[in-house]
Amino acid sequence: MKVNPQYNTKETLLALYNKPLLELVFEAATIHRQYHNPREVQMSSLLSIKTGGCSEDCGYCPQAARYSTGVDAHKLMTVDSVVEQAKNAKANGSSRLCMGAAWREVRDNKDFDSVVEMVQAVNDLDMEVCCTLGMMNEDQAKRLKNAGLFAYNHNLDTSKDYYKDVISTREYEDRLQTIDNARKAGITVCSGGIIGMGEAIEDRVGLLMSYIEMETPPNSIPINALVAVEGTPMEDQKPIEQWELIRMVATTRIAFPESVVRLSAGRTKMSMEGQALCFMAGAGSIFAGDKLLTTPNPEFNEDKAMFDILGLIPKQAFADGEKPETKPDAIIEEKKRKQAIREQELADASFQPRKITVE
Ligand code: SAM
Ligand code: DTB
Ligand code: SF4
């Protein structure tokens with residue numbers, strides 16, 4: 001993944017973001033065509049495998065336990081129900097499944113073992129598997145990689161300066177460390193942000209600068225518009241104009257010509273024409289399905305109709321990287337071995353030879 005040397009400073013990026021809109025879109029569309037097939041747009045499905053009850057205080061998030069948003073805390077989904085949902089998503093044209101958990105961080109417990117099994121099972125369906133589970137260390141990243149994880153989503157959300165106004169329960173540095181851990185394990189990185197949280201344009205550009213300063217920028221960069229949810233500290237944020245989303249997509253496209261720019265949360269508030277300008281400006285993916293993690297998203301059929309009208313084609317899985325090979329997971333193998341022994345012991349115990357008494 002490379003950055004565009006023409007726009008690698010705050011000043012040049014800011015000037016780019018503020019260009020006359022159609023000039024900006026044209027420049028982005030031109031770059032997009034040099035690096036990507038402009039007709040291909042990936043359909044990804046989101047699945048909230050562990051909803052609500054999160055300990056963090058992210059000001060935008062309906063899943064933080066401390067806010068009354070009507071999102072209840074649920075247990076982790078079962079592996080079987082995840083596979084069923086993944087099959088559905090694939091049948092509807094999605095080539096990637098992104099599994100999200102309302103966790104601050106990954107812990108080495110039974111739930112994580114189940115997530116490893118989910119990754120294996122969805123990878124076996126020939127879908128790109130992405131997880132977004134909060135912070136993780138290098139060993140946890142390696143386990144996910146061996147299970148067949150294709151991508152890890154971990155957003156920086158905004159600039160380093162504005163971050164403290166949005167979240168206080170973790171540091172920007174913690175986010176950078178997790179991204180590094182995913183990268184070191186050989187997992188592709190998906191990291192982006194949210195606009196419309198009350199930040200200045202300098203903060204939007206500041207987010208992009210954080211990616212420019214990385215050794216390798218993310219393979220994909222989701223651009224979300226804030227979904228202002230009642231009960232969160234950001235409930236009263238004025239919705240951003242769709243032009244801002246188009247500008248952000250175009251600027252990101254130009255700054256990171258090889259990365260996939262993902263038009264993410266916020267599409268329910270956009271017109272089809274607005275979304276068309278985003279695709280023109282280089283958006284290469286959308287979230288498909290009528291729900292994001294907890295908030296609404298356009299219906300599958302609505303997006304199918306939009307693809308037909310605009311002449312877009314759903315992108316196949318693994319067009320941007322090989323399907324990960326899986327290796328047996330030592331912890332899960334050991335669990336299975338113990339389970340087999342227990343079942344054998346139970347079977348042996350239930351065989352009671354009939355007593356024969358001789359008078
Ligand atoms: N708990 C994990 C974490 O924070 O990394 C993973 C799940 S979290 C919900 C994934 C991302 O969703 C966040 O980083 C944020 O960018 C995005 N997000 C959450 N709530 C949002 C909202 N109301 N509007 C737009 N994006 C949102
Ligand atoms: C990303 O950047 N956006 C997605 C995905 N990565 C995990 C999440 C959007 C969540 C919107 C709020 C919700 O539905 O809870
Ligand atoms: Fe928790 Fe992630 Fe929501 Fe923050 S964004 S409150 S870490 S689920």
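Now for a quick tour of the structure. Numbers given to residues run from 1 along each chain, matching the order in which its sequence is written. Labels follow written order: the first chain is A, the first ligand is 1, and so on. Local features in this predicted model are restricted to residues whose pLDDT is 70 or higher, and side-chain atom pairs enter the listing and the counts only when it is 80 or higher, whereas totals over whole chains, interfaces and linings include all residues.

Some thoughts on the overall build of the protein
Part 1 of the reasoning: In this description a helix means any DSSP run of H or I spanning at least four residues, a strand means any run of E spanning at least two, and both kinds are numbered starting from the N terminus. For the protein, the helix and strand inventory stands at twelve helices and ten strands.
Part 2 of the reasoning: A globule of 359 residues ought to have a C-alpha radius of gyration of about 21 Å, and the protein, at 22 Å, matches this closely.
Part 3 of the reasoning: Summarising its shape, the C-alpha atoms of the protein cover approximately 105 × 40 × 35 Å along the three principal directions. Values of the radius of gyration come from C-alpha atoms, whereas the globule rule sets the reference at 2.2 Å times the count of residues to the power 0.38.

Looking at the environment of A349
Part 1 of the reasoning: One can find A349 in helix α12 (residues 330-349).
Part 2 of the reasoning: Between the alpha carbons of A349 and G192 there is a distance of 56 Å; along the sequence they are 157 residues apart.

Notes on helix α5 (residues 138-147)
Side chains three or four residues apart in an α-helix point the same way, a direct result of the helix having 3.6 residues per turn.
Part 1 of the reasoning: In terms of burial, α5 is largely enclosed, as seven of its ten residues are buried.
Part 2 of the reasoning: Those residues of α5 not exposed but buried are Q140, A141, R143, L144, K145, N146 and A147.
Part 3 of the reasoning: We call two residues in contact when their backbone-placed C-beta atoms lie within 7 Å. Buried positions along α5 lie against α4 (110-123), β3 (128-132) and α7 (172-184).
Part 4 of the reasoning: Phi for G148, located one or two positions after α5, is positive at around 110°. Here a residue counts as buried when 20 or more other C-beta atoms sit within 10 Å of its C-beta, as exposed when there are 12 or fewer, and as partly exposed otherwise, the C-beta atoms being derived from the backbone.

A word on α12
Part 1 of the reasoning: Look at α12: 29 Å from first C-alpha to last across 20 residues, which is about the 28 Å you get at 1.5 Å a residue.
Part 2 of the reasoning: Sparse coverage of α12 is indicated by the burial of zero of its 20 residues. A helix is expected to reach a length of 1.5 Å times the quantity of its residues less one.

With respect to the packing of helix α3 (residues 79-91) against α4
Part 1 of the reasoning: Here α3 crosses α4 at 30°, and the two axes come no closer than 10 Å. Taken together, α3 and α4 sit at an angle that is classed as roughly parallel. In this structure, the crossing between α3 and α4 has a hand that is right-handed. Within the contact between the two elements, α3 uses V79, V82, V83 and A86 and α4 uses S114, E117, M118, A121 and V122.
Part 2 of the reasoning: For the contact of α3 with α4, a count of residues per class yields seven nonpolar, one polar and one charged. Lines fitted to C-alpha atoms define the axes here, with helix axes fitted over just the stretch in contact, and angles between the N-to-C directions of these axes take values from 0 to 180 degrees. Here the angle decides the label: under 35 degrees means roughly parallel, over 145 means roughly antiparallel, 65 to 115 means roughly perpendicular, and every other value means oblique. Crossings are sorted by hand: turned counterclockwise from the far helix by less than a right angle, the near helix makes the crossing left-handed, and turned clockwise it makes it right-handed. In this classification, Asp, Glu, Lys and Arg are treated as charged, Ala, Val, Leu, Ile, Met, Phe, Trp, Tyr, Cys and Pro as nonpolar, and every other residue, Gly included, as polar.

Some details on the pairing of strand β2 (residues 96-101)
It is a general feature of regular strands that their side chains alternate between the two faces of the sheet.
Part 1 of the reasoning: Burial of β2 is extensive: six of the six residues sit out of reach of the surface.
Part 2 of the reasoning: Of the two faces of β2, the one lined by R96, C98 and G100 and the one lined by L97, M99 and A101 are each fully buried.
Part 3 of the reasoning: Examined bridge by bridge, strand β1 (residues 40-50) and β2 share six bridges and lie parallel to one another. Looking at the pairing, S48 lines up with G100 of β2.
Part 4 of the reasoning: Clockwise travel from the first strand over the helix to the second, with the strands pointing away from the viewer, marks a crossover as right-handed. Traced from β1 through α3 to β2, the parallel crossover comes out right-handed.
Part 5 of the reasoning: Relative to β3, β2 runs parallel, the two sharing five bridges. The residue bridging R96 from the neighbouring strand is E128, located in β3. Here, strands pair whenever DSSP counts at least two bridges between them.

Some remarks on unusual backbone geometry
Part 1 of the reasoning: Phi angles above zero are rare outside glycine, and D157 is one such case at about 70°.
Part 2 of the reasoning: Residue placement: D157 occurs in the loop between β4 (151-153) and α6 (160-166).
Part 3 of the reasoning: In this structure D157 comes out as buried when scored by C-beta crowding, with 24 C-beta atoms within 10 Å.
Part 4 of the reasoning: Its identity as a non-glycine residue notwithstanding, F318 has a phi of 60°, on the positive side.
Part 5 of the reasoning: Note that F318 resides in the loop between β10 (313-314) and α12.
Part 6 of the reasoning: Under the C-beta neighbour-count criterion, F318 is labelled partly exposed, with 15 such atoms within 10 Å.

With respect to the site of ligand 3
Part 1 of the reasoning: Each residue gets a C-beta atom placed from its backbone. Should that atom fall within 6 Å of a molecule or strand, the residue is termed near it. All residues adjacent to ligand 3 are C54, E56, C58, C61, Q63, A64, A102, R104 and G134.
Part 2 of the reasoning: Of the residues belonging to the shell around ligand 3, the class tally is five nonpolar, two polar and two charged.

Focus: the site of ligand 1
Part 1 of the reasoning: Taken together, 18 residues surround ligand 1, and among them T132, N155, N224, V227 and A265 come closest.
Part 2 of the reasoning: When grouped by side-chain class, the residues that make up the shell around ligand 1 number ten nonpolar, seven polar and one charged.

What about the nonpolar core?
Part 1 of the reasoning: Nonpolar cores are built from buried Ala, Val, Leu, Ile, Met, Phe, Trp, Tyr and Cys residues. These are joined into a set through C-beta atoms within 7 Å. Formed by 96 residues in total, the largest nonpolar core has its most connected members in L97, V119, C131, V249 and A281.
Part 2 of the reasoning: For this core, the element with the most residues is helix α9 (residues 242-255), which contributes seven residues.
Part 3 of the reasoning: If we ignore the near neighbours within four places in the chain, the residues touching V249 are I223, V261, L263, C278, A281, G282 and A283.

Some thoughts on the pairing of strand β9 (residues 283-288)
Part 1 of the reasoning: A large share of β9 lies buried, amounting to six of its six residues.
Part 2 of the reasoning: Pairing analysis gives four bridges linking β1 to β9, with the strands arranged parallel. If you follow S45 over to β9, its bridge partner there is A288.
Part 3 of the reasoning: Pairing geometry for strand β8 (residues 260-263) and β9, over three bridges, is parallel.

Some details on the environment of S45
Part 1 of the reasoning: Here S45 is to be found in strand β1.
Part 2 of the reasoning: A sequence separation of 153 residues divides S45 from G198, and the C-alpha atoms of the two residues are 28 Å apart.
Part 3 of the reasoning: Dropping the residues within four chain positions of it, S45 is found in contact with A89, S94, L97, A288 and G289.

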